[in-house]
Amino acid sequence: MQQIAFAAFVALSIAGVVSGLDNGLSLTPPMGWLAWERFRCITNCTLYPDDCISDKLFRTMADLLVSQGYAAVGYDYINIDDCWLSKERDANGRLQADPERFPYGIKDLAAYVHSKGLKFGIYEDFGNFTCAGYPGVIDNLKLDAETFASWDVDYVKLDGCYAELVDMETGYPEFGFHMNQTGRPMVYSCSWPAYQTEKGIDPNYTVLAQHCNLWRNYDDIQDSYASLRHILDYFGQKQDDMGPFAGPGHWNDPDMLLIGNYGLSLDQSKLQMALWAILAAPLFMSTDLRTIRPEHKEILQNTRIIAIDQDPLGIQGRIVYNVSKIEIWTRKITPVEGDQYSFAIAVASRRDDGYPYRIQVPLKDIGLTNPAGYMVQDLYGDETETLLVPESLIDVRVNPSGTVFWRANIVVSTPSVTKIK
Ligand SMILES: *[C@@H]1O[C@H](CO)[C@@H](O)[C@H](O)[C@H]1NC(C)=O
Ligand SMILES: *[C@@H]1O[C@H](CO)[C@@H](O)[C@H](O)[C@H]1NC(C)=O
Ligand SMILES: *[C@@H]1O[C@H](CO)[C@@H](O)[C@H](O)[C@H]1NC(C)=O
Ligand SMILES: *[C@@H]1O[C@H](CO)[C@@H](O)[C@H](O)[C@H]1NC(C)=O
Ligand SMILES: *[C@@H]1O[C@H](CO)[C@@H](O)[C@H](O)[C@H]1NC(C)=O
């Protein structure tokens, strides 16, 4: 019976042209804090009481999201990743949290997160085990979806370790079906394309957009500029395949923000924030909010850049220029007039000759053709606006492995006239 209902569900969703997952969630890319990149699978709370994956860590980060102003600028999810589980299911076959590290259970933690005005996300794995070896969902799809709903979970990331590739394109939608049947709206983050691309298989983005709110396209991000560049190169090379499938409710996910950790310089941190905004990427910090430096916090809380990421059109940006190790990425944003868009423009340097490199490119060469021009603002500078027309040059100096990031708001040539009926 469940299988028949599921088959009908799949048939229905495929009939509805290019439409994304219809759960009303993530109309702009989700934002929040996710444990994995920084805190991994630290489970010894005797040895590392402040760093271990525990109730305390998530309550502390929830407190800081609110008290340090992150929630106010949009970071509203607190998400657990791997290593929260007990190695055994309970007597009724249900998932349970590690009893020592999560002594009050997940429902209580979710209630705490909700009491702070935040939303709560959890992690599981489609296969036999999670990547770190805890129980997976494969034989318990319905039960586990119901368990998450009963704990008031708002977001589920489903990883793909210990699973067969051939099962994923049907299995992930099946778990999504059971999530839907619980009646509790939960954001669904799917990892299956990352496992396909690892094996050289091109993901079917039509299916992804129909069943998932976001999906991890490619490798896990690690704490280095090399890892960041590796992911950006993939997103640049595959932009025609994946870009069109981003939009309200369904997003490509280049993985977490490294900002605030060990591996990126200040310039590289600015570059990640700018490029993630260009890509309409989910913005999940994974850093220690107790000890973050003010200059990193300032990048993460740059509201003008967050506004680019969260632009309501949800159009993913593209690399449009790549010469002499200088890349220009643009993203179409609001306001729009007729067929003319406003733009975010990131000039990104991958040079390492140690001086700020000058580039000069006419706006019209990168697709900015609005005759009346654009009011341009430097998103890492002050709020001064400069009028540039299509023939004007982008004339900037870019730091090695850094970025110059602009917003170019369209200028409307004729004042709009109020129509009288
Ligand atoms: C945690 O670390 C302590 C100190 O090194 C060690 O004695 C203990 O066995 C570890 N606990 C676990 C569960 O590994
Ligand atoms: C999952 O477990 C089943 C049952 O033990 C086994 O047959 C299957 O090969 C496992 N799959 C993977 C991908 O490990
Ligand atoms: C379940 O799916 C239906 C059909 O797509 C949708 O209208 C509804 O909002 C979904 N409900 C939840 C809780 O996701
Ligand atoms: C993707 O999956 C859909 C639905 O199963 C199918 O119609 C379409 O042909 C697939 N696209 C590709 C490129 O395989
Ligand atoms: C830019 O060009 C370089 C050299 O051809 C290439 O390695 C890199 O991947 C390109 N950048 C992107 C984002 O595609």
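If you're wondering where the values come from, they're calculated on a predicted model, not measured in any experiment.

1. A few points about the pairing of strand 11 (residues 340–349)
Argument step 1. Judged by how many residues are buried, strand 11 sits mostly within the fold: nine of ten residues are covered.
Argument step 2. Pairing analysis gives ten bridges linking strand 10 (residues 326–337) to strand 11, with the strands arranged antiparallel. Note that in strand 11 the partner of K332 across the bridge is F343.
Argument step 3. Count of turn residues in the strand 10/strand 11 antiparallel hairpin: two residues, of which G338 carries a positive phi of about 60 degrees.
Argument step 4. Bridge analysis of strand 11 against strand 16 (residues 403–410) gives six bridges, and the strand direction is antiparallel. Within strand 16, the position partnered with A346 by the bridge is F405.

2. A look at the domain arrangement of the protein
Interface size is commonly expressed as the accessible surface area that is lost when the partners come together.
Argument step 1. The domain boundaries assigned to the protein delineate domain 1 (2–309) and domain 2 (318–410).
Argument step 2. Counting from both sides, the interface comprises 25 residues of domain 1 and, opposite them, 27 residues of domain 2.
Argument step 3. For the domain 1 face of the interface with domain 2, the top three residues by lost area are I278, R304 and I308, together amounting to 34%.
Argument step 4. Connecting domain 1 to domain 2 are three salt bridges.
Argument step 5. Viewed at the interface, domain 2 and domain 1 are joined by 15 residue pairs in polar contact (both at pLDDT 80 or more).
Argument step 6. Mapped onto the side of domain 1 that touches domain 2, the elements with two or more residues apiece are helix 9 (225–237), helix 10 (239–242), helix 11 (266–278) and helix 13 (303–309).
Argument step 7. By residue number, the principal contributor to the side of domain 1 that touches domain 2 is helix 11, which donates nine residues.
Argument step 8. Here the residues of the side of domain 1 that touches domain 2 are counted per class, giving 14 nonpolar, four polar and seven charged.

3. A few points about the environment of D255
Argument step 1. Take D255: it is sitting in the loop between strand 7 (251–253) and helix 11.
Argument step 2. Contact partners of D255, with chain neighbours within four places excluded, come to R216, D219, D220, I221 and W276.

4. What to know about the environment of M179
Argument step 1. One can find M179 in helix 6 (residues 165–181).
Argument step 2. Take M179: its relative accessible area is 4%, and that puts it in the buried class.
Argument step 3. Linking M179 and Y341, residues 162 residues apart in sequence, is a C-alpha distance of 37 Å.
Argument step 4. Beyond its immediate stretch of four places on either side in the chain, M179 contacts A145, V156, R184, M186, V187 and Y188.

5. Comments concerning the packing of aromatic side chains
Argument step 1. Throughout the structure, instances matching the rule amount to 20 aromatic pairs.
Argument step 2. Between W84 and F148, the aromatic rings sit 6.5 Å apart at their centres with planes inclined by 55 degrees, giving tilted as the arrangement. Highlighted residues: W84 in the loop between strand 2 (77–79) and helix 4 (105–115) and F148 in helix 5 (residues 141–150), separated in sequence by 64 residues. An identical accessibility class is assigned to W84 and F148; each is buried.
Argument step 3. Ring-pair connections join several aromatic residues into one group, and the members of that group are W33, F39, F58 and F102.
Argument step 4. Against the face of F39 rests R38, its NZ or CZ located 4.7 Å from the ring centre.
Argument step 5. A cation over an aromatic ring shows up here: K87 above the ring of Y134, its NZ or CZ 4.6 Å from the ring centre.

6. Looking at the sheet that holds strand 14 (residues 386–388)
Argument step 1. Pairing within the open sheet is antiparallel, and its six strands lie in the order 9-10-11-16-13-14. Of all the strands in the sheet, the pair left with one neighbour each is strand 9 (318–323) and strand 14. In this sheet, adjacent strand axes meet at a mean angle of 30 degrees when their direction is disregarded.
Argument step 2. For strand 13 (residues 374–378) and strand 14, the ladder comprises three bridges, and the chain directions are antiparallel.

7. Concerning the site of ligand 5
Argument step 1. Residues in contact with ligand 5, as listed here, are R229, L232, D233, Q237, I319, N322, E327, W329 and R350.
Argument step 2. Q237 places a polar side-chain atom, nitrogen or oxygen, 3.5 Å from an oxygen atom of ligand 5.
Argument step 3. Within the side chain of E327, an N or O atom sits 3.0 Å from a nitrogen atom of ligand 5.
Argument step 4. Burial of ligand 5 by the protein amounts to 59% of the accessible area it has alone, namely 360 Å².
Argument step 5. Counting residues per element, the ones that place at least two in the shell around ligand 5 are helix 9, strand 9 and strand 10.
Argument step 6. A total of four residues in the shell around ligand 5 trace back to one element, the largest contributor, which is helix 9.
Argument step 7. Tallied by class, the residues present in the shell around ligand 5 amount to three nonpolar, two polar and four charged.
Argument step 8. Two domains share the shell around ligand 5, each providing at least three of its residues, namely domain 1 (2–309) and domain 2 (318–410).

Criteria and thresholds
Residues numbered from 1 in each chain as written. Chains lettered and ligands numbered in written order. Predicted model: local features only at pLDDT ≥ 70, side-chain atom pairs only at ≥ 80, totals over all residues. Heavy atoms only, no water. Buried < 20%, exposed > 50% of the residue type's maximum accessible area, 1.4 Å probe, protein only. Helix = DSSP H or I, 4+ residues; strand = E, 2+ residues; numbered from the N terminus. Pairing = 2+ DSSP bridges. Domains from an automatic or database assignment. Contact = heavy atoms within 4.5 Å. Buried area = accessible area lost by both parts, 1.4 Å probe. Salt bridge = Lys/Arg side-chain N within 4 Å of Asp/Glu carboxyl O. Polar contact = N/O pair within 3.5 Å; in protein donor to acceptor, adjacent residues only side chain to side chain. Nonpolar A, V, L, I, M, F, W, Y, C, P; charged D, E, K, R; others polar. Phe/Tyr/Trp six-rings, centres within 6.5 Å; stacked < 30°, edge-to-face > 60°. Lys NZ or Arg CZ within 6 Å of the ring centre and 35° of its normal. Axes fitted to C-alpha atoms, helices over the stretch in contact; angles between N-to-C directions. Near = heavy atom within 4 Å. Areas by Shrake-Rupley, 256 points an atom, 1.4 Å probe, with all protein chains shown as cover.

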